[in-house]
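# Overview (structure and organization)
Okay, here's what each chain looks like letter by letter:
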Amino acid sequence: MESTKSNPTLSQDGFWSRLRSGLARVPVIGWLAGGLCAVMVEYFLGDALSYYLGLPKIPVLFGFVTMLKKPLLIPSSTAYVILVYLIPLVAVGLLTAGPANRLAAFLHRRALWLSAIIHLVLLYTIIHIWSDISDYRLLLLKLTMIAIMLTLSINVINGYMGEFSCSHPGFMALGAYSASTMTLILFTNDKLFGPALLPPALGPYCYPLALIFGGVVAALGALVVAIPSFRTRGDYLAIISLAFMFIVKSVIENLEFVGGPRGMGSQPNWSNLPTVFVWTVLCVWVINNFVRSTMGKALNAVRDNEMAADAMTVDTRKTKIVTFMFGAFWAGVAGGLFAHVLRYVNPGTFGIQKLAEILAMVYFGGLNSVVGSVVGAVSINLLSEMLRPLELFKWIVIPLLLILVMIYRPTGLIAFREFDVRKILRPKQ
Amino acid sequence: MEFFLQNLVNALQWGSFYALIALGYSMVYSILMLFNFAHGDIFMVGSYIGLGIATLLLGLGVSAGWAMPGWLVLILTIIISMFLTAFVGILVERIGYRPLRDAPRASAAITGLMIGIILETGNLALLGARRMSFPPLIKSVTYDFGGVFVTNKKILIVLVSLGLMYALHNFIQRTKWGMAMRAMSYDYLAVPLMGVSLNVIAPMTFAIGSGLASAAGILYGLAYPVLDPYMGILLGWKAFVAAILGGRGSILGAALAGFLLGFIEIFVAMIFPSTLRDLIAYSIILLILTFRPYGFFGQAHSTQLRL
């Protein structure tokens, strides 16, 4: 302390290093508390603050869209972000570091599920309050969480098993259409299928069943790709999966009873935020356990050397079939959720464009890593929304960014990293 | 019978586009063991470059007071734009593929896809969203061969593409550079030790493939004179399928499979309603690949994924 007082430059250095070491001591639950404070501040003071800062309304996406649209508002939106998000987050995080660490240590000694549930409830509260400000945020959050599910499920096939599968939009389409057909036939009065067969009040309770049905149909469809994968891999499998995607799209276009090329609309509005959140958490949890199980290690063995894996008693056929069906199941569930978020799907949605988007997310985030998938899905989604004011040039900026990531980190940003919940939630002191 | 022959002519024309584009995919694969996913968009760029050159030449002719005959403009357009598009191919190799030569193959596939998106969007940003029409360089004449109607454009398209394929075959089989390319596709680790640089051969392969794609683009513009920035997606992916179907890295296989794909599509559309065209074409491909997983001319050597 004495030396820092005697030398002013050192004291400044001391402030930053003290801040950094202080921030390093904040456990996850402390950050969550800070985030909760930040969104509360925005919820109660956001309108007034943006009025005094001269902003037309609360900046929806951390001020990025406002900044790109009206460069004159850059100082005030930066001030808004600092006042509303940064200061509460850091201040509450630092101030509560002590109690938060004690709480984290207390939870750490108890069962993991209890600790995880408390963290998740906090996280859900934060995103609920954050998304309460505008419907745009709500839609963006739902689509981002669905993107997380899609990215994770393709990472199981492309990252962990090392195939280059291009059939994910097809699986998603199967899930979306089967789940929508089920909810429309059973629980909704609509133009396409006529009156509901069961009382519509039952609908929201049976909605998970419809999603699971969609997932199962997608998993059955995955057999078409999985069985040829016994004999071939690499580019030929890429083509087979690509052909599968085109076939699914074309079959749906030719099926008149699901609307054909006109698409299928008026799905009930059951994909609300809690539903999507619960399914996303479930998906992350199940996939994380799957890839850390014996089966998950078998996947890596098949990727690195199929023949050696076979010699080491890995049943490669079973591994491939299970993995394809597992990945496709989650893609189907994500598709079902997607259909009920947008409440309209058409076959054109599930084409090459969607494929490029999904592949971009998984390779940007990182192969063979659950955290990487989450990061990739969230960053590509947020980025493409934040850069929306650039209009056309958005599609030059994002691909360029992806090319740079591929050149400097060919396996993605956070690749080959284990996702250990216990390690993340542990106290930092 | 006449109906059949008529469709055969159409299929030959349609297949020659696929074959010319598929050759580019296949050549790049044989050298780098990678598919150039931007190739479909290079086809689009080539077509637009052809449009620009043709318009320029016609305009020059008008301003000089001597209107060039259409066939001369066409020949010049094909030659100049093949040359220019070759540089686009070299650029794609330099930016998207050379830095990733030791990376996992899937990463290079992603850069290819992204360069494709950049080319499409760049075109939209430069030229706007309106569709452009290719100038009709030669007058359409229809010949009647006993009930089968053949236009001179169709004959021209098929002949030019067959001629280009023959030239490519001769180049690869007869010249020193062709020999270097064949050697490189045989073993890309040992051949650089013999003094043939991969950094020369790989751009050359991209250049030749892009030149062929540009020729295909101009011929496509002659037959279907409406160009839009996304035209490369559909034809490119189908030609990619043809390249795989022919056996990866096999030039002859790619050409044959290109024609075969054209035949399948035209005849499916002839017999069934045309909305089923993609469905049946891809189902046939899926069946062929299930029973012959390495394509028509591909070897069943086990390739390790470099991941």
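Residue numbers restart at each chain and count upward from 1, following the sequence in its written direction. Naming scheme: in the order in which they are written, chains are lettered from A and ligands are numbered from 1. Given that this is a predicted model, residues contribute local features only at a pLDDT of at least 70 and side-chain atom pairs are listed and counted only at 80 or more, while totals for whole chains, interfaces and linings are drawn from all residues.

### Here's the deal with the overall build of chain A
Numbering of helices and strands starts at the N terminus; helices are DSSP runs of H or I of at least 4 residues and strands are runs of E of at least 2. Assigned secondary structure in chain A consists of 19 helices and two strands. Just to be clear, the radius of gyration here is over C-alpha atoms, and the globule rule we use is 2.2 Å times residues to the power 0.38. For 429 residues, the compact-globule estimate of 2.2 N^0.38 gives 22 Å, and the C-alpha radius of gyration of chain A, at 24 Å, lies within 12% of that figure. Dimensions of chain A along its principal axes, counting C-alpha atoms only, are 75 × 55 × 45 Å. For chain A, buried positions account for 44% of its 429 residues. Intrachain contacts of chain A at a sequence separation of at least 6 include 77% that bridge at least 24 residues. Residues with at least 20 neighbouring C-beta atoms inside 10 Å of their own are called buried, those with 12 or fewer are called exposed, and the rest are partly exposed, where every C-beta is derived from the backbone. Residue pairs qualify as contacts under a 7 Å threshold applied to their C-beta atoms, which are placed from the backbone.

### Details of the overall build of chain B
Within chain B one finds 10 helices and four strands. Computed over C-alpha atoms, the radius of gyration of chain B comes to 20 Å, within 12% of the 19 Å expected from 2.2 N^0.38 for 307 residues, which places it in the range of a compact globule. Projected onto its principal axes, the C-alpha positions of chain B cover 55 × 50 × 40 Å. In chain B, which comprises 307 residues, the share counted as buried stands at 49%. Considering only contacts in chain B between residues 6 or more positions apart, those separated by 24 or more positions represent 78%.

### Topic: the interface of chain A and chain B
Taken residue by residue, the interface counts 36 residues in chain A and 39 residues in chain B. Among the elements of the structure, helix 11 (235-254), helix 16 (352-365) and helix 18 (394-408) of chain A are those that each provide at least two residues to the side of chain A that touches chain B. If one sorts the elements of the side of chain A that touches chain B by residue count, helix 11 of chain A sits on top with 11 residues. Lys, Arg, Asp and Glu make up the charged group, whereas Ala, Val, Leu, Ile, Met, Phe, Trp, Tyr, Cys and Pro make up the nonpolar group; the residues left over, Gly among them, are polar. Residues of the side of chain A that touches chain B, tallied by class, amount to 25 nonpolar, seven polar and four charged.

### Brief notes about the pairing of strand 3 (residues 148-151) of chain B
Every other side chain in a regular strand lies on the same face of the sheet, so the side chains alternate between the two faces. Residues and elements named next belong to chain B. Strands pair, by our definition, only if DSSP identifies at least two bridges between them. Of the pairings in the sheet, the one linking strand 2 (residues 142-145) to strand 3 comprises four bridges and is antiparallel in character. The residue bridging phenylalanine 145 from the neighbouring strand is valine 148, located in strand 3. Hairpin connection of strand 2 to strand 3: two residues between the antiparallel strands, including glycine 146 at a positive phi of 55 degrees.

### A short note on the confidence of the model for chain A
Within a predicted model, pLDDT stands for the predictor's per-residue confidence, ranging from 0 to 100. This prediction gives chain A a mean pLDDT of 88; 97% of its residues lie at or above 70. Low pLDDT (under 50) marks residues 1-6 of chain A, which in the prediction has five contacts with non-local residues, meaning those over four places away or in another chain.

### Considering helix 9 (residues 168-187) of chain A
Any helix carries an expected span of 1.5 Å times its number of residues minus one. Spanning 20 residues, helix 9 of chain A covers 28 Å between terminal C-alpha atoms, matching the ideal 28 Å at 1.5 Å per step. In terms of burial, helix 9 of chain A is largely enclosed, as 18 of its 20 residues are buried.

### Regarding the domain arrangement of chain A
Residues and elements named next belong to chain A. Domain annotation for chain A reports domain 1 (12-110) and domain 2 (135-425). Where each domain starts and ends comes from a domain assignment, either automatic or drawn from a database. Taken over C-alpha atoms, the centre of domain 1 sits 32 Å from the centre of domain 2. Listed as interface residues are eight residues of domain 1 and, on the opposing side, nine residues of domain 2. The dominant element in the side of domain 1 that touches domain 2, judged by the number of residues it contributes, is helix 4 (residues 64-69), at four residues. Of the residues contributing to the side of domain 1 that touches domain 2, the split by class is seven nonpolar, no polar and one charged.

### Points about the confidence of the model for chain B
All names here are of chain B. The predicted model of chain B averages 86 in pLDDT, with 96% of residues at 70 or higher. Looking over chain B, one finds the lowest element-wise mean pLDDT in helix 10 (residues 277-291), namely 84, and the highest in helix 7 (residues 198-223), namely 93. Contacts for the low-pLDDT stretch residues 301-307, under 50 throughout, to residues beyond four places or in other chains number 10 contacts. As a predicted assembly, this complex carries a pTM of 0.88 together with an ipTM value of 0.85.

### Remarks on the packing of helix 3 (residues 70-97) of chain B against helix 7 of chain B
All names here are of chain B. Angles run from 0 to 180 degrees between N-to-C directions of axes, and those axes are lines fitted to C-alpha atoms, restricted for helices to the stretch in contact. The geometry of helix 3 relative to helix 7 is characterised by a closest axis approach of 7 Å and an angle of 135 degrees between their N-to-C directions. Our classification of the angle between helix 3 and helix 7 gives oblique. As helix 3 runs across helix 7, the sense of the crossing is right-handed. Across the interface between the two elements, Thr77, Ile78, Ser81, Met82, Thr85, Ala86, Val88, Gly89, Ile90, Val92 and Glu93 of helix 3 pack against Ala202, Pro203, Phe206, Ala207, Gly209, Ser210, Gly211, Ala213, Ser214, Ala215 and Ile218 of helix 7. Along the lines of polarity and charge, the residues of the contact of helix 3 with helix 7 split into 13 nonpolar, eight polar and one charged. Under this scheme an angle from 65 to 115 degrees is roughly perpendicular, one under 35 degrees roughly parallel, and one over 145 degrees roughly antiparallel; angles in between are oblique. In this scheme the handedness of a crossing depends on how the near helix is turned from the far one: anticlockwise by less than a right angle means left-handed, clockwise means right-handed.

### Observations concerning the environment of A:Val258
Residues and elements named next belong to chain A. Mapping valine 258 onto the fold places it in the loop between helix 11 and strand 1 (264-265). Using a count of 21 C-beta atoms within 10 Å as the deciding quantity, one classes valine 258 as buried. For the pair valine 258 and glutamate 163, spaced 95 residues apart in sequence, the C-alpha separation works out to 32 Å. Once residues within four sequence positions are removed from consideration, valine 258 is found in contact with Tyr177, Thr181, Ile252 and Met264.

### Overview of unusual backbone geometry
Residue and element names in this part refer to chain A. Although it is not a glycine, threonine 313 sits at a positive phi angle of roughly 65 degrees. Looking at where threonine 313 falls in the secondary structure, it is placed in the loop between helix 14 (306-311) and helix 15 (316-342). Threonine 313 sits in the exposed class, given 7 other C-beta atoms within 10 Å. Positive phi values are uncommon outside glycine, yet asparagine 368 reaches one of about 60 degrees.

### As for the environment of B:Gly59
You can see B:Gly59 is positioned in helix 2 (residues 39-64). We classify B:Gly59 as exposed; it has 10 C-beta atoms within 10 Å.

### With respect to helix 6 (residues 97-109) of chain A
Residues and elements named next belong to chain A. Here helix 6 contains 13 residues, and its C-alpha end-to-end distance of 18 Å stays within 8% of the 18 Å for a straight helix at 1.5 Å per residue. If you check which residues of helix 6 are buried, you get Ala97, Ala100, Asn101, Ala104 and Leu107. Along helix 6, the residues classed as buried sweep out an arc of 125 degrees about the axis, all on the same side. Of the exposed residues in helix 6, those oriented more than 90 degrees away from the buried face are Gly98, Pro99, Phe106 and Arg109. Each direction from the helix axis to a C-beta atom contributes to the arc, which is the arc of those directions.

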